[in-house]
Amino acid sequence: MKPRVIRHVEALDMELYERTIQLFDMGKGKRAHTISIPSIHLTTPKSSGDHSFSVAPSVDAQTWTPPTNNRWAPPRKTKRYDDLEHKLEAAPLYVLVSTYMNYLVLILFGHLRDILGKFFKPQAYSHLRMNNGYAPLVSDFDSFYTRRLYVRIRGDFNRTFRLTGKVTENLNFASYNYLGFAQSQGQCADAVEQVTRASGLPSPSPRAQAGTTQAHLDLERLVSRFVGKEDAMVVSMGFATNSSTIPALVSKGCLIISDEMNHASIVFGARLSGAAVRVFKHNNMDDLRELLREVISQGQPRTHRPWKKILVIVEGLYSMEGTVVNLPEIVKMKKEFKFYLYVDEAHSIGALGENGGGVCDFYGVDPAHVDIMMGTFTKSFGAAGGYIAGDKAVIDHLRVNNHAYIYAEPMSVLVTQQVYTSMKIICGEDGSDDGRRRIQRLAENSLYFACRLREMGFIVYGDHGSPVVPLLLFNPAKIPAFSRELLKRGIAVCVVGYPATPIVTSRARFCLSASHTKEDLDNALEAISEVGDLLLLKVSEKK
Ligand SMILES: Cc1ncc(COP(=O)(O)O)c(C=O)c1O
């Protein structure tokens, strides 16, 4: 559990980038107009252009055996979302006004510089003007924001690695190493070393051809047992798990209903699918219900025919807000409206629930109510890649229709081993209580850290038990300042601003880990408090 320290912190936050892309999101769907009841079959390939026809059935389909020992069992007491403590404190008016004023000044100066630049340096600004009848290629608000605001605000945060030759040790609150398995020593590292020595780093061909190894099959069985579904498949990249699975499930004539805060990989997959997309307000069950009523009663646009199927996509834990999805309520609606439910557990698997089983485990909801369970191995498992778990028929369908499975390189054997060993530890199948202790430690750390920050007077978002703790910074100048001041004190933290967040609610996201000791947390809290005083961040009125 030791390496809680990182050697260098100037890392680009990929998630921030992905969320940034997501800004230009779906959600612009037209209102539909007819009565419809969703039908329930999955799509099959439709044209000869769809190369998935040519793929031979995967070996897994033949070797699959029903899981005998599903680990998940409904806990005796189930939780409701309303029983949890939720925090979304509004900022005091003066903070909002000063934040808007800051952006206003930046925008005014930005436009002024652009106008003067176009006038006095037409050559340098030619890409922003009409050019021989060509429209400017990059002159929209995005471009303006990046050139005139973002590069000024970002200071020293959000850079790619820059090797300076110096080595600094920092306490890491910027990675999703929730359970502390991203280690260079211990059971996982030993197992990975062993398997590397035995099999090297081969990546022979896609899974559907000659790329499937026993390690992949073992991991898939373990995943299906762990999440409590009939079958599972693993993919070598988390992002691609979403973006290639969604188009294999829905297409034209289908409807995707997506939470507005869903990850860019979901947004991308939804766009690729060709299905209609509608968005509901983040974790807002009234809005979801209203939208469901509308889309089912109206049907497809123009024709008013019933939707072929409706797929609601949510995340288990939203890493920008620290919110946990209101799963019990969605499951209730699912029974009422008959839609399919797809839950992305990238951040919740391993990190939520008494057994680390994710959001179903957290609420005591039977995983049978979730049709498609997706998760990634980049967070709690300290590895890479993702999984899709569901009924065997669905996974069989995906094995011949999911392009990341058919065409992409398979997960390398050592990454597979890292996931396998860490998942075994979480399940307690290694014969120790290491996994359970990590899960408990993460839960305690998360509650303690968020609670202490609130006591200090910071505005902190996030639901009860979230291992991501967003601390609000508001003012654009405070984004780099907060990161820089903490780095001086040996704390590495990830800061986030517009467009990944709304313009006034830029924030620092503290990612807790089971590897953090109480002493680490207390040291960090002391440093954060000092920086909070320095930057006037303790603006909560609830203290
Ligand atoms: C909710 C969600 N889904 C999918 C992904 C993509 O996973 P990966 O980074 O492993 O490609 C992420 C990444 O952070 C995520 O937060």
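Residues numbered from 1 in each chain as written. Predicted model: local features only at pLDDT ≥ 70, side-chain atom pairs only at ≥ 80, totals over all residues.

Before going further, it helps to examine the overall build of the protein. Across its full length, the protein holds 18 helices and 17 strands. Residues counted as buried form 45% of the 543 residues belonging to the protein. (Helix = DSSP H or I, 4+ residues; strand = E, 2+ residues; numbered from the N terminus. Buried ≥ 20, exposed ≤ 12 C-beta atoms within 10 Å, placed from the backbone.)

The subject of this paragraph is the sheet that holds strand 10 (residues 340–344). If you trace the 7 strands from one edge of the open sheet to the other, you get 4-12-11-10-7-5-6, paired in mixed fashion. Whereas interior strands pair on both sides, the edge strands pair on one side only; in this sheet they are strand 4 (231–235) and strand 6 (276–280). The sheet shows a mean angle of 20 degrees between the axes of neighbouring strands, direction not considered. In the sheet, strand 5 (residues 255–259) pairs with strand 6 via 5 bridges, with the strands oriented parallel. Note that in strand 6 the partner of Leu-255 across the bridge is Ala-276. Those strands touched by helix 7 (residues 214–227) are strand 4, strand 11 (372–376) and strand 12 (386–390), and its axis lies near 125 degrees from that of strand 4. (Pairing = 2+ DSSP bridges. Axes fitted to C-alpha atoms, helices over the stretch in contact; angles between N-to-C directions. Contact = placed C-beta atoms within 7 Å.)

With that out of the way, let us pick up the UniProt feature "transmembrane region" (unreviewed entry) in the protein. The UniProt record marks residues 91–112 with the feature "transmembrane region" (unreviewed entry), using the residue numbering of this structure. The annotated region residues 91–112 carries 91% helix and 0% strand content, and the separation between its end C-alpha atoms amounts to 30 Å. (UniProt positions renumbered as here; feature names shortened; annotations may be inferred.)

With that settled, consider the site of the ligand. Lining the immediate surroundings of the ligand are 15 residues, of which Gly-238, Phe-239, His-263, Ala-346 and Thr-378 lie closest. The dominant element in the shell around the ligand, judged by the number of residues it contributes, is helix 8 (residues 238–249), at 3 residues. Per-class residue counts for the shell around the ligand are 3 nonpolar, 9 polar and 3 charged. (Near = placed C-beta within 6 Å. Nonpolar A, V, L, I, M, F, W, Y, C, P; charged D, E, K, R; others polar.)

Quick look at the pairing of strand 14 (residues 468–472) now. Here strand 14 lies mainly inside the structure; 5 of its 5 residues are buried. Here strand 14 shows two buried faces, one formed by Val-468, Pro-470 and Leu-472 and the other by Val-469 and Leu-471. Direction of pairing for strand 14 relative to strand 17 (residues 507–511): antiparallel, over a ladder of 5 bridges. Residue pairing in the sheet places Leu-472 in a bridge with Arg-507 of strand 17.

This paragraph deals with the environment of Ser-98. Tracing the chain through its elements places Ser-98 in helix 3 (residues 93–120). The exposure class assigned to Ser-98 is partly exposed, which follows from the 15 C-beta atoms found within 10 Å. As a C-alpha pair, Ser-98 and Asn-475 span 377 residues in sequence and 7.4 Å in three-dimensional space.

Cis geometry marks the peptide bond from Tyr-498 to Pro-499; its omega dihedral reads 5 degrees. Assignment of secondary structure puts Pro-499 in the loop between strand 16 (494–496) and strand 17. Here Asn-283, not a glycine, exhibits a phi torsion of approximately 55 degrees, which is positive. Locating Asn-283 in the fold gives a position in the loop between strand 6 and helix 10 (285–298). Overall, the presence of 23 C-beta atoms within 10 Å leaves Asn-283 in the buried class.

Read from one edge of the open sheet, 3 strands run 14-17-16, paired in antiparallel fashion. Two strands in the sheet have a free side with no partner beyond their single neighbour: strand 14 and strand 16. The average undirected angle you get between the axes of adjacent strands in this sheet is 30 degrees. Of the strands in this sheet, strand 14 and strand 17 are in contact with helix 16 (residues 434–456), which crosses strand 14 at around 10 degrees.

Attention shifts here to the nonpolar core. In this structure, Leu-311 and Val-493 are the most contacted members of the largest nonpolar core, which totals 132 residues. Looking at this core element by element, the count peaks at 7 residues for helix 15 (residues 413–427). Discounting residues that sit within four places of it in the chain, Val-493 has contacts with Phe-173, Ala-174, Ser-483, Leu-486, Ala-508 and Phe-510. (Core = buried A, V, L, I, M, F, W, Y, C linked by C-beta atoms within 7 Å.)

We now examine the environment of Ile-266. Its place among the elements puts Ile-266 in helix 9 (residues 264–273). Sequence separation between Ile-266 and Asn-242 is 24 residues; the distance between their C-alpha atoms is 5.6 Å. Beyond its immediate chain neighbours, meaning those up to four positions away, Ile-266 contacts Asn-242, Ile-246, Ser-258, Ile-313 and Asp-344.

Interpretation of this model should avoid reading the predicted coordinates in detail wherever pLDDT is low. On average, the protein scores 84 in pLDDT, and the residues at 70 or more come to 83%. A low-confidence stretch, residues 1–70 (pLDDT under 50), is modelled with 139 contacts involving residues beyond four sequence positions or located in other chains. (pLDDT = per-residue confidence, 0-100.)

Next up on the list: the packing of helix 16 against helix 18 (residues 518–534). Two elements in contact, helix 16 and helix 18, have axes separated by 11 Å at closest approach and are oriented at 25 degrees. In terms of orientation, helix 16 and helix 18 fall into the roughly parallel class. Of the two elements, helix 16 crosses helix 18, and the hand of that crossing is right-handed. Contacts from Asn-445, Tyr-448, Phe-449, Arg-452, Leu-453 and Met-456 of helix 16 reach helix 18 at Leu-521, Leu-525, Ile-528, Ser-529 and Gly-532. (Parallel < 35°, antiparallel > 145°, perpendicular 65-115°, else oblique. Left-handed = near helix turned anticlockwise from the far one by under 90°.)

With that settled, consider the pairing of strand 10. For strand 10, a buried count of 4 out of 5 residues is recorded, marking the element as mostly surrounded by other parts of the structure. Bridge count for strand 7 (residues 310–315) against strand 10 is 5 bridges, and the pairing is parallel. Bridged to Val-312 within strand 10 is Leu-341.

Turning to the packing of helix 5 (residues 187–199) against helix 15, a few remarks are in order. What describes two packed helices is the angle between their axes and the distance between those same axes. Where helix 5 meets helix 15, the closest approach of the two axes is 9 Å, and the angle between their N-to-C directions is 150 degrees. You can see that helix 5 and helix 15 cross each other, and the crossing is right-handed. Along the contact surface, helix 5 presents Gln-187, Cys-188, Ala-191, Val-192, Val-195, Thr-196 and Ser-199, while helix 15 presents Val-413, Leu-414, Gln-417, Gln-418, Thr-421, Ser-422 and Ile-425. The residue inventory of the contact of helix 5 with helix 15, partitioned by class, reads 7 nonpolar, 7 polar and no charged.

Quick look at the environment of Thr-421 now. Structurally, the position occupied by Thr-421 is in helix 15. It is 8.9 Å that separates the C-alpha atoms of Thr-421 and Phe-381, two residues lying 40 residues apart in sequence. For Thr-421, the contacting residues outside a window of four places in its chain are Gln-187, Cys-188 and Ala-191.

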